[in-house]
Amino acid sequence: MKYFRLLKEFIRAAVVEEFEYRSNFFANVLGTVSGLFFALLTLQVFFLQTEQIGGWSFEQVLVLLGVFNALSGVVSMVLRPNIGRIVQHIRKGTLDFILTKPVDSQFFISFRHIVFWPITDVLVGFGMILYGGWQMGVVLSPLNIAWFLVIFFAAVVTLYSLWFLMMTLSFWFVKVENLTMVFMSLFETARFPVQVYKGWLRVLLTYLFPVAVLTTFPAAAFTGGLTWHEATISLVMAGGLLVLSRVFWKTALRNYQSASS
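Residues numbered from 1 in each chain as written. Predicted model: local features only at pLDDT ≥ 70, side-chain atom pairs only at ≥ 80, totals over all residues. Heavy atoms only, no water.

Re the UniProt feature "transmembrane region" (unreviewed entry) in the protein chain
Here comes step 1: Per the UniProt record, "transmembrane region" (unreviewed entry) is annotated on residues 25-48, 60-79, 114-134, 146-174, 200-222 and 228-249.
Here comes step 2: Across residues 60-79, the secondary structure splits into 100% helix and 0% strand, with the terminal C-alpha atoms separated by 27 Å.
Here comes step 3: A distance of 32 Å separates the end C-alpha atoms of residues 114-134, which is 76% helix and 0% strand. (UniProt positions renumbered as here; feature names shortened; annotations may be inferred. Helix = DSSP H or I, 4+ residues; strand = E, 2+ residues; numbered from the N terminus.)

Have a look at this one:
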């Protein structure tokens, strides 16, 4: 309950701060809508040449694109503003102040700075998912919705854990920011179903940088095409990476030398 109340305060502060600059908020909403328009236009161009991409229909890819858009919103809301600051905290010594707070350092450093406006990306993403499912005639039941949300949450946890693991390397290496660009470039491959990629590349995008877990499997869960094998991969990948990120963070802290030392 302590951490739940703390998270509520972080969100409340983010909302208050954002609405101090309402014009900025609506400008960002406009940016979300225009980005969605061009993404759909690009998708339409692909399907003018073919009826399927990697065995996926237009409506299925639309659902997948909605999942990608929602995850992008999570990145902009939580991951980039928080995990992206780890390098600065270490370089400037502000990590010392975080470690002295009566709260878990990984929790604080992961959720302290939430940006509110990208909630539009999340909402638009879920809107695309619902629209694509409606076009396909997907029947929504409480069980199906719950199953999709579990797999989607596994995707969020996987994305968080991968980024946190990468940024924790800044305890030992200086140029970790460059890895962020590589990470985001790889994330862009999640705009398409993993079946588009062939051979060893498909294996890498399933198990090494799990694009399949991020967007393909959640989209398949919503449309009813997810197998138990794929669901197991999603849940094991999310749980394993989360534990690994926690262990790696604790190891990094044990090797951390305070800025005051």
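Section: a nonpolar patch on the surface
Here comes step 1: On the surface, Phe37, Phe38, Leu41 and Val45 cluster together into a nonpolar patch covering about 410 Å² of accessible area.
Here comes step 2: Secondary-structure assignment places Phe38 in helix 2 (residues 22-49). (Patch = residues over 30% accessible without salt bridge, like charges linked within 9 Å, V, L, I, M, F, W, Y side chains within 5 Å. Areas by Shrake-Rupley, 256 points an atom, 1.4 Å probe, with all protein chains shown as cover. Salt bridge = Lys/Arg side-chain N within 4 Å of Asp/Glu carboxyl O.)

Remarks on the packing of aromatic side chains
Here comes step 1: By the definition in use, this model includes 18 aromatic pairs.
Here comes step 2: With centroids separated by 5.3 Å and ring planes inclined at 65 degrees, the aromatic side chains of Phe126 and Phe152 adopt a geometry described as edge-to-face. Within this pair, whereas Phe126 is found in helix 7 (residues 119-136), its partner Phe152 is found in helix 8 (residues 142-168), the two being separated by 26 residues in sequence.
Here comes step 3: Its relative accessible area of 25% is what places Phe126 among the partly exposed residues.
Here comes step 4: The buried category is assigned to Phe152, whose relative accessible area is 8%.
Here comes step 5: Counting every residue linked through ring pairs, the aromatic cluster contains Tyr160, Phe164, Phe171, Trp172, Phe248, Trp249 and Tyr256. (Phe/Tyr/Trp six-rings, centres within 6.5 Å; stacked < 30°, edge-to-face > 60°. Buried < 20%, exposed > 50% of the residue type's maximum accessible area, 1.4 Å probe, protein only.)

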